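Structural characterization, general
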Amino acid sequence: MSTTIEDVRAFISQLPTPADLAQVQEAAARRLGELDKAAYNDVVPGRRARINDRLNPAVLRRLTGTVQERNRTGSRAGFVLDEDSTRLLRTDPRNRYRIPEDTRRFRIPGNGIPVACLDLIED
C-alpha cells in the first residue's frame, strides 16, 4: 500500500512541535531542489534556447540565443543572444542595455538567466 498525499497531510497535522514541522519543511525544500535540478539537466552550455514569458524584464522575453556556463548552484546560466535577437533588443524602445552597433551577439549582463526561464530549442 502506497502513501497518499492525504496520509502525508494527516501526518504533518499531527506533528507535536515546531521543530518537527521544520524538519519536514527542510526535507520538502531539499526534495524540491532535487526535482528542480533534474528538470533542467539539459540546459547546458552550447544549447540553443528561447527566454520564456516568466522572465523579467519583459524586454528579454522570446529572445533566442545560446546557453553559457551555469552558476555554482546551477539555478542560473549565462546567455548570449543570437544575431537576430541582438538586433531586436538593440532597436526595442524598452531596452535599457547599451549594445554597441558593432556587437553581433550580445551577452546578457548580470548573474545569468534563471534556467527555469529558458526553453530549449531543437536544432
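Coordinates for the structure precede this section.
Being a predicted model, the structure only gives us computed values, none of them experimental. (Residues numbered from 1 in each chain as written. Predicted model: local features only at pLDDT ≥ 70, side-chain atom pairs only at ≥ 80, totals over all residues. Heavy atoms only, no water.)

Under the definition given, this model contains nine salt bridges. The salt bridge partner of E122 is R47, with a shortest N-O separation of 3.6 Å. Of this pair, E122 sits in the segment after β5 (118–120) while R47 sits in the loop between α2 (18–39) and β1 (48–51); the two residues are 75 residues apart in sequence, bridging distant segments of the chain. Overall, E122 belongs to the exposed group, its relative accessible area being 66%. E101 is the partner of R90 in a salt bridge, and the nearest nitrogen-oxygen pair spans 4.0 Å. A residue pair is termed long-range when its members are at least 10 positions apart, and R90 in helix α3 (residues 83–91) and E101 in the loop between α3 and β4 (113–114) qualify at eleven residues. (Salt bridge = Lys/Arg side-chain N within 4 Å of Asp/Glu carboxyl O. Helix = DSSP H or I, 4+ residues; strand = E, 2+ residues; numbered from the N terminus. Buried < 20%, exposed > 50% of the residue type's maximum accessible area, 1.4 Å probe, protein only.)

This next bit is on the sheet that holds strand β3 (residues 76–81). By way of backbone hydrogen bonds, the strands of a sheet pair with one another, either parallel or antiparallel. An order of β4-β3-β2-β1-β5 is seen for the five strands of this open sheet, with the pairing classed as antiparallel. A strand with exactly one partner marks an edge of an open sheet, and here the two such strands are β4 and β5. By the bridge criterion, four bridges tie strand β2 (residues 64–70) to β3 in an arrangement that is antiparallel. Directly across from R70, in β3, lies its bridge partner A77. (Pairing = 2+ DSSP bridges.)

Another point: the nonpolar core. The biggest cluster of nonpolar side chains holds 21 residues, and the ones touching the most others in it are L60, F79, L89, I108, I113 and L118. Of all elements in the fold, only β1 and β3 reach the threshold of two or more residues within this core. The dominant element in this core, judged by the number of residues it contributes, is β3, at three residues. Once residues lying within four places of it in the same chain are set aside, the contact partners of L89 are V59, L60, L63, L81, N95, Y97, I99, F106 and I108. (Core = buried A, V, L, I, M, F, W, Y, C linked by side-chain atoms within 4.5 Å. Contact = heavy atoms within 4.5 Å.)

Before going further, it helps to examine the packing of aromatic side chains. Within this structure, the stated rule accounts for one aromatic pair. Judged by centre distance (5.9 Å) and plane angle (55°), the ring pair of Y97 and F106 falls under tilted. Like Y97, the residue F106 is buried in the burial classification. (Phe/Tyr/Trp six-rings, centres within 6.5 Å; stacked < 30°, edge-to-face > 60°.)

Moving on to the side chain of T86. Tracing the chain through its elements places T86 in helix α3. There is a polar contact of 3.0 Å between the side chain of T86 and the backbone nitrogen of F106. Beyond its immediate stretch of four places on either side in the chain, T86 contacts L81, I99, T103, R104, R105 and F106. (Polar contact = N/O pair within 3.5 Å; in protein donor to acceptor, adjacent residues only side chain to side chain.)

Moving on, we come to the pairing of β3. When you tally the buried positions in β3, you get five out of six residues, the bulk of the element. The sheet contact formed by β3 and β4 spans two bridges and is antiparallel. Paired with R76 across the bridge in β4 is P114.

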